[in-house]
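Listed below, chain by chain, are the residues.
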Amino acid sequence: MVDIHLSSGEEDYLRAIYHLSQESQGEPVGTLAIATWLEVAAASVTNMVKKLAGRGLVDHSPYRGVTLTPLGRRAALEVVRHHRLLEQYLHEQLGMPWEQVHVEADRLEHALSEAVEERIDRLLGHPTTDPHGAPIPSKSGTIERSERRPLWQIAPESIVVVAEVADEEADLLTYLEDLGLTPGTRVEVLAKSPFDGPLQVRVGAREYALGERVARAVQVTSVAGRP
């Protein structure tokens, strides 16, 4: 637990910066990317980044971007832990569809006390991932990540396993579920058309042509050659 009081707005920014830094593989995050992610004005981002920097939570270099300090990363992971535990609880215990839990967790994460978090964690059997396959940070502020790549990057004649799917768009999650592209599912990559054409895959007994947007939303692991 980070011994620092954060407003809900500050928590939203820290989680956004953490998420975007994962997408950029640790590179500084631009203020425009933060504004787009949070759907706020660029001026609002500038003001909040200055505030977070003043509290020692981020480092900001003009024209380079924003990075989390060790304290900021720990605080961000605590917010991420609350969010993903809530997603798992809503899905597993309340039966809420996986395309709905992200928005609900956004509403609840700021109000979750440490005592309730511990009870939820214990009730769920200390889960390590949320319904979308995203790793849940530990109580101590660490996070385990396996080697993952977007399905779009996988070469033909490979066999992969879905590890995680992007959870921000409910319609996309519904579509992925219809295709059977859920965590733990085995996928065979058959072919990729030239000039950014669709990716041909086999999921179970069915074959699909996936566009780039869909294939990039699916993170896979355990890449192996066709037996």
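See the structure shown above.
The text that follows walks through the structure, step by step, so that each part is easy to find. For clarity, every value in this text was computed on a predicted model and none was experimentally measured.

## Details of the overall build of the protein
Working step 1: Broken down by element type, the protein carries eight helices and eight strands.
Working step 2: The C-alpha atoms of the protein give a radius of gyration of 19 Å, which matches the 17 Å a tight globule of 227 residues would have.
Working step 3: Within the span of the protein, comprising 227 residues, buried residues form 44% of the whole.
Working step 4: Considering only contacts in the protein between residues 6 or more positions apart, those separated by 24 or more positions represent 65%.
Working step 5: Summing over all exposed atoms, the protein offers an accessible surface of approximately 11900 Å²; the carbon and sulfur share of this is 50%.
Working step 6: The average position of the 23 basic charges and that of the 34 acidic charges among the side chains of the protein differ by 3 Å.

## What to know about the packing of aromatic side chains
Working step 1: A complete count under the given rule lists zero aromatic pairs for this structure.
Working step 2: Over the ring of W152 we find K192, and its NZ or CZ is 3.8 Å from the ring centre.

## Things to note about the nonpolar core
It is characteristic of soluble globular proteins that their nonpolar side chains tend to be buried jointly.
Working step 1: Membership of the largest hydrophobic core comes to 24 residues, with the highest contact counts inside it found for L151, L181, V187, V201, L210 and V218.
Working step 2: Of all the secondary structure elements, the ones that give two or more residues to this core are β4 (158-165), α7 (170-179), β5 (186-192), β6 (199-203), β7 (206-210), α8 (212-216) and β8 (218-225).
Working step 3: Ranked by residues supplied to this core, first place goes to α7 with four residues.
Working step 4: With residues up to four places along the chain from it excluded, the contact list for L151 reads V160, V187, V189, L199, L210, A215, V218 and V220.
Working step 5: Within the second largest apolar cluster, 22 residues are counted, among which are L14, L20, V58 and A75.

## Describing the pattern of salt bridges
Working step 1: One pass over the structure, following the stated rule, counts 15 salt bridges.
Working step 2: As a salt-bridge pair, E109 and R15 come within 3.3 Å of each other at their nearest N and O atoms. Here the residue E109 occupies a position in the loop between α5 (101-108) and α6 (114-123), and R15 occupies one in helix α1 (residues 8-23), the gap between them amounting to 94 residues.
Working step 3: By relative accessible area, which is 2% here, E109 ends up buried.
Working step 4: By relative accessible area, R15 is classed as buried at 16%.
Working step 5: In this structure, E117 engages K139 in a salt bridge whose closest nitrogen and oxygen atoms are separated by 3.1 Å. Highlighted residues: E117 in helix α6 and K139 in the loop between α6 and β3 (149-150), separated in sequence by 22 residues.
Working step 6: With relative accessibility at 33%, the residue K139 sits in the partly exposed group.
Working step 7: One continuous salt-bridge network, built from bridges that share partners, spans R81, E114, E117, E118, D121 and K139.

## Things to note about the packing of α1 against helix α2 (residues 31-38)
Working step 1: Two numbers describe how α1 lies on α2: the axes approach to 10 Å, and their chain directions differ by 115 degrees. Crossing hand, α1 versus α2: right-handed. Two secondary-structure elements touch here, α1 through D12, Y13, A16, I17, H19 and L20 and α2 through A33, I34, W37 and L38.
Working step 2: Residue composition of the contact of α1 with α2, by class: eight nonpolar, one polar and one charged.

## Focus on the environment of P198
Working step 1: Position of P198 among the secondary structure elements: in the loop between β5 and β6.
Working step 2: Between the alpha carbons of P198 and H110 there is a distance of 40 Å; along the sequence they are 88 residues apart.
Working step 3: Once you skip the residues sitting within four places of it in the chain, P198 turns out to touch A191, K192, S193, A209 and L210.

## Examining the packing of α1 against helix α4 (residues 70-92)
The relative placement of two packed helices comes down to the angle between their axes together with the axis-to-axis distance.
Working step 1: Running from amino to carboxyl end, α1 crosses α4 at an angle of 95 degrees, the nearest separation of the two axes being 9 Å. Looking at the two axes, α1 sits roughly perpendicular to α4. On α4, the residues touching E11, L14, R15, Y18 and Q22 of α1 are G72, R73, A75, A76, L77, V79, V80 and H83.
Working step 2: Residues belonging to the contact of α1 with α4 are distributed by class as follows: seven nonpolar, three polar and three charged.

The rules behind each value
- Residues numbered from 1 in each chain as written.
- Predicted model: local features only at pLDDT ≥ 70, side-chain atom pairs only at ≥ 80, totals over all residues.
- Heavy atoms only, no water.
- Helix = DSSP H or I, 4+ residues; strand = E, 2+ residues; numbered from the N terminus.
- Rg over C-alpha atoms; globule rule 2.2 N^0.38 Å.
- Buried < 20%, exposed > 50% of the residue type's maximum accessible area, 1.4 Å probe, protein only.
- Contact = heavy atoms within 4.5 Å.
- Areas by Shrake-Rupley, 256 points an atom, 1.4 Å probe, with all protein chains shown as cover.
- Lys, Arg positive; Asp, Glu negative; His and termini not counted.
- Charge placed at Lys NZ, Arg CZ, Asp CG, Glu CD.
- Phe/Tyr/Trp six-rings, centres within 6.5 Å; stacked < 30°, edge-to-face > 60°.
- Lys NZ or Arg CZ within 6 Å of the ring centre and 35° of its normal.
- Core = buried A, V, L, I, M, F, W, Y, C linked by side-chain atoms within 4.5 Å.
- Salt bridge = Lys/Arg side-chain N within 4 Å of Asp/Glu carboxyl O.
- Axes fitted to C-alpha atoms, helices over the stretch in contact; angles between N-to-C directions.
- Left-handed = near helix turned anticlockwise from the far one by under 90°.
- Nonpolar A, V, L, I, M, F, W, Y, C, P; charged D, E, K, R; others polar.
- Parallel < 35°, antiparallel > 145°, perpendicular 65-115°, else oblique.

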